[in-house]
Amino acid sequence: MNDNELSTMVRESVAGIRSSTPVDQIISRGHTVRVWRRRVPAAAGALVVAGGAALGVTALAPPGHTPSGKAASRPAVVQLAAWTVAKQANGDIGITIRQLQHPAQLQATLRADGLPAHVSFTGNSGTVCQPRRVSGDIALDIYRFLERNGSDVITIDPSVLPSGVGLNIMGFPSGSSGPVAIGIQTVYASRQCTG
Amino acid sequence: MVVRTQQQDFAEFYRSAADECLRTVVVSIGDQDTAQELVDEAFARAWSSWRTVSRHPAPKAWVVRTALNAGISRWRRQRREVSVPDPARAADLPATGGASASQVDPQIMAALMRLPARQREVVALRLILDLDTTRTAEVLGIAPGTVMAHMGRAMAALRLDLQPELQQENRP
């Protein structure tokens, strides 16, 4: 078997592999990265766009449950119409934001999961949080924007947050019909900002 | 109007390059599901920086490099779930690791997975993405001579690995 035959064999061995992702989906995902870059300077991250208006509140938590700051007492999933926080078995925290509502409750839920976080849905976190740059690789380790079942989900791994670093999660109204844009910024963890 | 033209350019690039980039990353890391996710992410980043990427001398190489870098970050993050299969294990489990039997040749994929990671990347870039030695060296950040050495060793190893299986296949 000469080199040409071997090369052909290797090429043909994977010739049946085809990408299954439509280009529209790629472009949509790329738009989120681009818009985020414009809206959240000095941070590494991306953007989630979620459409539709949900009504009412669906709580998977037990009756009377409110995030209390104790991770052990919190169920794996807290779901409101506006957002969902799901703590996974490996410690990752998945966040899906559909509406810019109840930021304080979202913030408390994330802090109860051990994540030093500040949440604001006004498009401006004021001056309580000071941006702290981290390298792109570290940012990718900390959080990612993934698509699951048609929704964009932010997955955060609190265990790889460098000491003294927190996350500032900012929501921006992205249109009159309901879509929202979410940016994540690494910040100095402080009592005023991340609790 | 300008945005629309750029979008059409990108869409054309994606349609022409997506399969090739995906195959390259599959051969590099061995897991088709992970490769699909990494390539999707790389193409999304390519679109978000399309003005720059479209002027790149080898945009497909840019996408593959970005996908492989994202894979390294993912590996660092998910240390408990290593996405690159153990070559020894891959050898025992042909056509596993996400690449379905209908889409890949299990024996050749297993032989590829037995190669060291760097040799596999060189094989993927040279044979699947059809890059020349110089461009492959640029993508991987190594010397052209090193690329040639990896390629030579990889081809020799593949030949040794696959020859007995071919001979066996040809037996009555």
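Now for a description of the structure that goes with this document. Computed from a prediction, not measured in an experiment: that's the story for all the values here.

Cut-offs applied
- Residues numbered from 1 in each chain as written.
- Chains lettered and ligands numbered in written order.
- Predicted model: local features only at pLDDT ≥ 70, side-chain atom pairs only at ≥ 80, totals over all residues.
- Helix = DSSP H or I, 4+ residues; strand = E, 2+ residues; numbered from the N terminus.
- Buried ≥ 20, exposed ≤ 12 C-beta atoms within 10 Å, placed from the backbone.
- Contact = placed C-beta atoms within 7 Å.
- Nonpolar A, V, L, I, M, F, W, Y, C, P; charged D, E, K, R; others polar.
- Core = buried A, V, L, I, M, F, W, Y, C linked by C-beta atoms within 7 Å.
- Axes fitted to C-alpha atoms, helices over the stretch in contact; angles between N-to-C directions.
- Parallel < 35°, antiparallel > 145°, perpendicular 65-115°, else oblique.
- Left-handed = near helix turned anticlockwise from the far one by under 90°.
- Pairing = 2+ DSSP bridges.

### Some words on the overall build of chain A
Then, in step 1: On a plain count of helices and strands, chain A comes out with 5 helices and 9 strands.
Then, in step 2: Put simply, chain A runs from its N terminus to its C terminus through helices and strands in the order α-α-β-β-β-β-α-β-α-β-β-β-β-α.
Then, in step 3: Per-residue burial for chain A yields a buried fraction of 38% across its 195 residues.
Then, in step 4: For chain A, contacts bridging at least 24 residues in sequence account for 59% of all contacts bridging at least 6.

### Focus on the overall build of chain B
Then, in step 1: A tally of helices and strands in chain B yields 9 helices and 0 strands.
Then, in step 2: Counting from the amino terminus, helix and strand elements in chain B follow one another as α-α-α-α-α-α-α-α-α.
Then, in step 3: Taking all 172 residues of chain B together, the buried fraction comes to 45%.
Then, in step 4: Contacts in chain B between residues far apart in sequence, at least 24 positions, make up 63% of those at least 6 positions apart.

### Thoughts on the interface of chain A and chain B
Then, in step 1: On the side of chain B, 37 residues touch chain A, which itself brings 28 residues to the contact.
Then, in step 2: Breaking the side of chain A that touches chain B down by element, the ones donating at least two residues are α1 (3-13), α2 (23-39) and α4 (136-142) of chain A.
Then, in step 3: A class-by-class count of the residues in the side of chain A that touches chain B yields 12 nonpolar, 8 polar and 8 charged.

### Let's talk about helix α3 (residues 103-112) of chain A
The α-helix advances 3.6 residues per turn, and as a result positions three or four apart in sequence lie on the same side.
Residue and element names in this part refer to chain A.
Then, in step 1: Residues of α3 that are buried: L106, A108, T109, L110 and A112.
Then, in step 2: In this fold, the buried residues of α3 make contact with β2 (77-79), β3 (83-87), β4 (93-97) and β5 (117-120).
Then, in step 3: Phi for G114, located one or two positions after α3, is positive at around 90 degrees.

### Looking at the nonpolar core
Then, in step 1: In terms of nonpolar packing, the biggest core is built from 53 residues, with B:V25, B:V39, B:F43, B:V63, B:V64 and B:A67 touching the most fellow members.
Then, in step 2: At the level of elements, α1 (2-29), α2 (32-48), α4 (59-77), α6 (106-113), α7 (117-128) and α9 (144-170) of chain B are the ones that each hand at least two residues to this core.
Then, in step 3: The element best represented in this core is α1(B), accounting for 11 residues.
Then, in step 4: In terms of nonpolar packing, the next biggest core, distinct from the first, is built from 30 residues, A:I93, A:I156, A:A189 and A:C193 among them.

### A short note on the packing of α7(B) against helix α8 (residues 133-140) of chain B
All names here are of chain B.
Then, in step 1: Where α7 contacts α8, the axes come no closer than 10 Å and their chain directions differ by 135 degrees. Relative to α8, α7 is oriented oblique. As α7 runs across α8, the sense of the crossing is right-handed. Between α7 and α8, the contacting residues are E121, V122, L125 and R126 on the first element and T136, V139 and L140 on the second.

### Re the environment of B:G30
Then, in step 1: With respect to the helices, strands and loops of the structure, B:G30 is situated in the loop between α1 and α2.
Then, in step 2: With 26 C-beta atoms counted inside 10 Å, the residue B:G30 sits in the buried group.

### Concerning the environment of B:A17
Residues and elements named next belong to chain B.
Then, in step 1: Relative to the helices and strands, A17 is located in helix α1.
Then, in step 2: Its 20 C-beta neighbours within 10 Å are what place A17 among the buried residues.
Then, in step 3: For the pair A17 and F43, spaced 26 residues apart in the sequence, the C-alpha separation amounts to 9.8 Å.
Then, in step 4: If we skip the residues at most four places from it in the chain, A17 touches K60 and V63.

### Let's talk about the pairing of β4(A)
Residue and element names in this part refer to chain A.
Then, in step 1: Alternating positions in β4 separate cleanly, I93, I95 and I97 being buried on one face and G94 and T96 remaining unburied on the opposite face.
Then, in step 2: Where β3 and β4 come together, 5 bridges link them in antiparallel fashion. Looking across to β4, one finds that W83 is bridged to I97.
Then, in step 3: Taking the residues that link successive antiparallel strands as the turn, the β3-β4 hairpin has 5 residues, and the phi of G91 there is positive, at about 95 degrees.

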